[in-house]
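Spelled out, the chains give:
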Amino acid sequence: MEPNSISAEFTLTSSSLAFFIRPASNESVEIKLAFLKSHPIQPLVLSNDKLPFDPQKMYYQTLSDSQKVQRKWLSYCSYSKRIFCTTCMTFCPRRENISNLVTGLEVLNSKNVYGTVKKHEQSKTHGEAVSALLQANLNKNIESCININLREIHSKEVEFNRLVIKRLIDIIMFIGRQGLDFRGKDEAAYSLEDRTINHGNFLELVLLIKDYDVVLNMHVKNCIELSKKRKAGGKKNNNTLSQTRGRGSLVTFLSKTFINKIVLVIGNLLREKIVNELKEAQSFRTLIRLPLYTPSSKILAFSC
């Protein structure tokens, strides 16, 4: 049985009642919408019984122009022989004096079942439930769009940061190979616009390369702007604790902490590489020995 479609045949079992257990009023919107995915249940033929009503009159509403529209809010439980309004079951705003289609309208005991269905369809309670359902679907779609946009923004930020860090690592490796000092006396990000100050080899190289690199230029400009705002916020708050201060409040990848971490990582990688090369060299020296036909030596060891 597929949801949101009329079933040609429906088997009469007690398990059918599981589809008609009403969600609690305090359940989440996701659970209520999941309940509605199994509806409408509108069998045209029963495997071991016959329908006590005309399915064309029950499942369809006839408009003034004789056009028929399916009542997707209506489901029939063949086990209990009751008709339900699944929309009101999930999104009915009131829990007292509710329609009998919420608890289940007994088809066999109803004198005018078609009139009762039509009256319920035009009732204020049903209209409010339909509005609540539409609002729930709208909010869900908006939330999904927001989540997708946030994920896209986050992915772009991650990719941009990777490009920035790649450039900074290259600068750090260059300084290390040249045996130069990294640090300077004035390394605050808000002071990087002042080119009369010597900011140290690392920051000076960053400022030099940014003039020829779009990614690094955007990053440095953003860091300077954020650092200025952070400094201005600290002055306004005077002795009070600023919300813009604290560890992790401003990530620039230009601080001494970042440099130290990158240097440590590079050092560990180099150490591992040297150790592996020494192990390979020792194995090579031990395993490869060739005989020489000279009177002074019988074995020549090749070492790397």
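Worth saying up front: this structure is predicted, and the values here are computed from it rather than measured.

## Comments concerning the overall build of the protein chain
Turning to step 1, where the next piece is worked out: Each helix and strand counted, the protein chain has nine helices and nine strands in total.
Turning to step 2, where the next piece is worked out: Long-range contacts, defined here as pairs at least 24 residues apart, represent 58% of the contacts in the protein chain between residues at least 6 apart.
Turning to step 3, where the next piece is worked out: Summing over all exposed atoms, the protein chain offers an accessible surface of approximately 20400 Å²; the carbon and sulfur share of this is 55%.

## Here we look at the nonpolar core
Turning to step 1, where the next piece is worked out: Counting 30 residues, the largest nonpolar core has F53, M58 and I83 as its most contacted members.
Turning to step 2, where the next piece is worked out: Elements that contribute at least two residues to this core include exactly α1 (29-36), α2 (55-59), β5 (74-77), β6 (82-85), α3 (86-91), α4 (100-103), α5 (113-121) and α6 (124-178).
Turning to step 3, where the next piece is worked out: Aside from chain neighbours lying at most four places away, what touches I83 is F53, M58, L74, S75, Y76, L101, G104, L105, V107 and V113.
Turning to step 4, where the next piece is worked out: Counting 21 residues, the second-largest nonpolar core is a separate cluster that includes V164, I172, I175 and L207.

## What to know about the pattern of salt bridges
Charged atoms that come close allow side chains of opposite charge to pair.
Turning to step 1, where the next piece is worked out: Counting across every chain of the model gives eight salt bridges.
Turning to step 2, where the next piece is worked out: Notably, a salt bridge pairs E106 with R82, separated by 2.7 Å at the nearest N-O pair. Of this pair, E106 sits in strand β7 (residues 105-106) while R82 sits in strand β6, and the two are 24 residues apart along the sequence.
Turning to step 3, where the next piece is worked out: Owing to a relative accessible area of 31%, E106 belongs among the partly exposed residues under this scheme.
Turning to step 4, where the next piece is worked out: On the basis of relative accessibility, which here comes to 24%, the residue R82 falls in the partly exposed class.
Turning to step 5, where the next piece is worked out: In this structure, D211 and K210 form a salt bridge, with 3.2 Å as the shortest nitrogen-oxygen distance.

## Focus: the environment of S38
Turning to step 1, where the next piece is worked out: Mapping S38 onto the fold places it in the loop between α1 and β2 (45-46).
Turning to step 2, where the next piece is worked out: Along the backbone, S38 and F20 are 18 residues apart, and their C-alpha atoms lie at a distance of 9.6 Å.

## Points about the packing of aromatic side chains
Turning to step 1, where the next piece is worked out: Inspection of every chain in the model, using the stated rule, returns four aromatic pairs.
Turning to step 2, where the next piece is worked out: A centroid spacing of 4.9 Å and a plane angle of 35° characterise the contact between F20 and F84, whose relative ring orientation is tilted. Here F20, found in the loop between β1 (9-10) and α1, pairs with F84, found in strand β6; they are 64 residues apart in sequence, far enough to count as distant. Both residues of the pair, F20 and F84, count as buried.
Turning to step 3, where the next piece is worked out: With a centroid separation of 5.7 Å and an interplanar angle of 80°, the aromatic rings of F53 and Y59 are classed as edge-to-face.
Turning to step 4, where the next piece is worked out: In this structure Y59 comes out as buried when scored by relative accessible area, which is 0%.
Turning to step 5, where the next piece is worked out: Within the aromatic cluster, the residues linked to one another by ring pairs are F53, Y59 and Y76.

## Examining the sheet that holds β5
Turning to step 1, where the next piece is worked out: Within the open sheet, the three strands sit side by side as β5-β6-β7. Their pairing is antiparallel. Lying at the two open borders of the sheet, with one neighbouring strand each, are β5 and β7.
Turning to step 2, where the next piece is worked out: Examined bridge by bridge, β5 and β6 share four bridges and lie antiparallel to one another. In the sheet register, Y76 faces β6, and the bridge partner there is I83.

## Structural notes on the confidence of the model for the protein chain
Turning to step 1, where the next piece is worked out: In this model, the protein chain carries a mean pLDDT of 79, and residues with pLDDT of at least 70 account for 78%.
Turning to step 2, where the next piece is worked out: This stretch, residues 1-5, has a pLDDT under 50; its non-local contacts, to residues over four places away or in other chains, come to 12 contacts.
Turning to step 3, where the next piece is worked out: Below a pLDDT of 50 lies the segment residues 292-304, which in the model reaches 17 contacts outside its immediate sequence neighbourhood of four places, other chains included.

## A closer look at the environment of D211
Turning to step 1, where the next piece is worked out: Secondary-structure assignment places D211 in the loop between α7 (201-210) and α8 (214-237).
Turning to step 2, where the next piece is worked out: Residue classification places D211 among the partly exposed residues on the basis of a relative accessible area of 47%.
Turning to step 3, where the next piece is worked out: A polar atom in the side chain of D211 sits 3.2 Å from the side chain of K210.

## Remarks on the pairing of β6
Turning to step 1, where the next piece is worked out: In this antiparallel pair of consecutive strands, β5 and β6, the connection spans four residues, and K81 shows a positive phi of 55°.
Turning to step 2, where the next piece is worked out: Bridge count for β6 against β7 is two bridges, and the pairing is antiparallel. Looking across to β7, one finds that R82 is bridged to E106.

## Side note on unusual backbone geometry
Turning to step 1, where the next piece is worked out: The omega angle of the peptide bond from H39 to P40 is 5°, so this bond is cis rather than trans.
Turning to step 2, where the next piece is worked out: Assignment of secondary structure puts P40 in the loop between α1 and β2.
Turning to step 3, where the next piece is worked out: Residues other than glycine seldom take positive phi values, yet K81 does so here, at roughly 55°.
Turning to step 4, where the next piece is worked out: When you line up the elements, K81 lands in the loop between β5 and β6.
Turning to step 5, where the next piece is worked out: For K81, a relative accessible area of 23% gives the class partly exposed.
Turning to step 6, where the next piece is worked out: One non-glycine residue, F253, lies in positive phi territory at about 65°.
Turning to step 7, where the next piece is worked out: Tracing the chain through its elements places F253 in the loop between α8 and α9 (256-287).

Rules used in this analysis
Residues numbered from 1 in each chain as written. Predicted model: local features only at pLDDT ≥ 70, side-chain atom pairs only at ≥ 80, totals over all residues. Heavy atoms only, no water. Helix = DSSP H or I, 4+ residues; strand = E, 2+ residues; numbered from the N terminus. Contact = heavy atoms within 4.5 Å. Areas by Shrake-Rupley, 256 points an atom, 1.4 Å probe, with all protein chains shown as cover. Core = buried A, V, L, I, M, F, W, Y, C linked by side-chain atoms within 4.5 Å. Buried < 20%, exposed > 50% of the residue type's maximum accessible area, 1.4 Å probe, protein only. Salt bridge = Lys/Arg side-chain N within 4 Å of Asp/Glu carboxyl O. Phe/Tyr/Trp six-rings, centres within 6.5 Å; stacked < 30°, edge-to-face > 60°. Pairing = 2+ DSSP bridges. pLDDT = per-residue confidence, 0-100. Polar contact = N/O pair within 3.5 Å; in protein donor to acceptor, adjacent residues only side chain to side chain.

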